[in-house]
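# Tertiary structure, described
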Amino acid sequence: MSSLLRSLSSTLPLSTCTYGRRSLATTVNTHFKITLRRSAIALGEKKKETLVSLGLHRRMQIVYHLHSPETAGKILKVKELVEVENVPAQAVRSQTEQRAERKASRGYVVSGNRLSGMSWEAKR
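Residues numbered from 1 in each chain as written. Predicted model: local features only at pLDDT ≥ 70, side-chain atom pairs only at ≥ 80, totals over all residues. Heavy atoms only, no water.

Right, let's get into the environment of histidine 65. Among the structural elements, histidine 65 can be located in strand 4 (residues 62-66). When the C-alpha positions of histidine 65 and lysine 33 are compared, they lie 6.8 Å apart, and in sequence the two are 32 residues distant. (Helix = DSSP H or I, 4+ residues; strand = E, 2+ residues; numbered from the N terminus.)

Here it is in structure tokens:
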């Protein structure tokens, strides 16, 4: 049954491929989400250079790369150190977006400033 579904999904466009209630249409995965899980401290220079070329410098760092043979080859060289997921283009986050997602809320809201009404503050 699964071979039938694979053959259907490969021959039909993604939007028309359905089976029962579930639709096989999914977003097209265009990027690798690469997370460095293990440190490369005790490894050779070539593996360290491969990690740097992927943009990975510290553990638990996440980078996104387009699907390409070059990127796939680099991932295979360091496959023991990284975790890789295929993600669609909508899931790609820049470094600033990742930082904003990790940042905790302040826990309070500044509603005003009592000093703004003072005479020495108004002169500025």
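So that's the structure; there's more coming.
Okay, the pairing of strand 3 (residues 29-36) next. Note that strand 3 and strand 5 (residues 82-88) share 7 bridges and pair antiparallel. Along strand 5, the bridge assignment pairs asparagine 29 with proline 88. (Pairing = 2+ DSSP bridges.)

Time to look at the pattern of salt bridges. Considering all chains together, one arrives at 4 salt bridges under this definition. For glutamate 80, the salt bridge identified is with lysine 47, shortest N-O distance 3.6 Å. Within this pair, whereas glutamate 80 is found in the loop between helix 3 (69-77) and strand 5, its partner lysine 47 is found in helix 2 (residues 45-54), the two being separated by 33 residues in sequence. Glutamate 101 is the salt-bridge partner of arginine 93, the closest N and O atoms lying 3.1 Å from each other. According to the relative accessible area criterion, arginine 93 is partly exposed, its value standing at 31%. Each of Lys47, Lys79 and Glu80 takes part in salt bridges that share partners, so that together they form one network. (Salt bridge = Lys/Arg side-chain N within 4 Å of Asp/Glu carboxyl O. Buried < 20%, exposed > 50% of the residue type's maximum accessible area, 1.4 Å probe, protein only.)

Moving on to the nonpolar core. Among the nonpolar cores identified, the biggest contains 12 residues, and these are Phe32, Ile34, Leu36, Ala40, Leu51, Leu54, Leu56, Val63, Ile75, Val78, Leu81 and Val82. If one sorts the elements of this core by residue count, strand 3 sits on top with 3 residues. (Core = buried A, V, L, I, M, F, W, Y, C linked by side-chain atoms within 4.5 Å.)

The next subject is unusual backbone geometry. Even without a glycine there, the phi angle at methionine 60 is positive, about 65°. Tracing the backbone through its elements, the reader meets methionine 60 in the loop between helix 2 and strand 4. Taking relative accessible area as the criterion, methionine 60 reaches 44% and is therefore assigned partly exposed.

So, about the sheet that holds strand 4. Strand order across the open sheet formed by 3 strands is 4-3-5, with antiparallel pairing between neighbours. Looking at which strands have only one partner, the edges of the open sheet turn out to be strand 4 and strand 5. Each strand of the sheet is rotated relative to its neighbour by a mean of 30°, with strand direction disregarded. Sheet strands in contact with helix 3 are strand 3, strand 4 and strand 5, and its direction is about 25° off that of strand 3. (Axes fitted to C-alpha atoms, helices over the stretch in contact; angles between N-to-C directions. Contact = heavy atoms within 4.5 Å.)

With that out of the way, let us pick up the packing of helix 2 against helix 3. Their axes nearest at 9 Å, the elements helix 2 and helix 3 cross at an angle of 140°. When the interaxial angle is binned, helix 2 and helix 3 end up oblique. In this structure, helix 2 crosses over helix 3, and the sense of that crossing is left-handed. In contact with Lys47, Thr50, Ser53 and Leu54 of helix 2, helix 3 contributes Thr71, Lys74 and Lys77. (Parallel < 35°, antiparallel > 145°, perpendicular 65-115°, else oblique. Left-handed = near helix turned anticlockwise from the far one by under 90°.)

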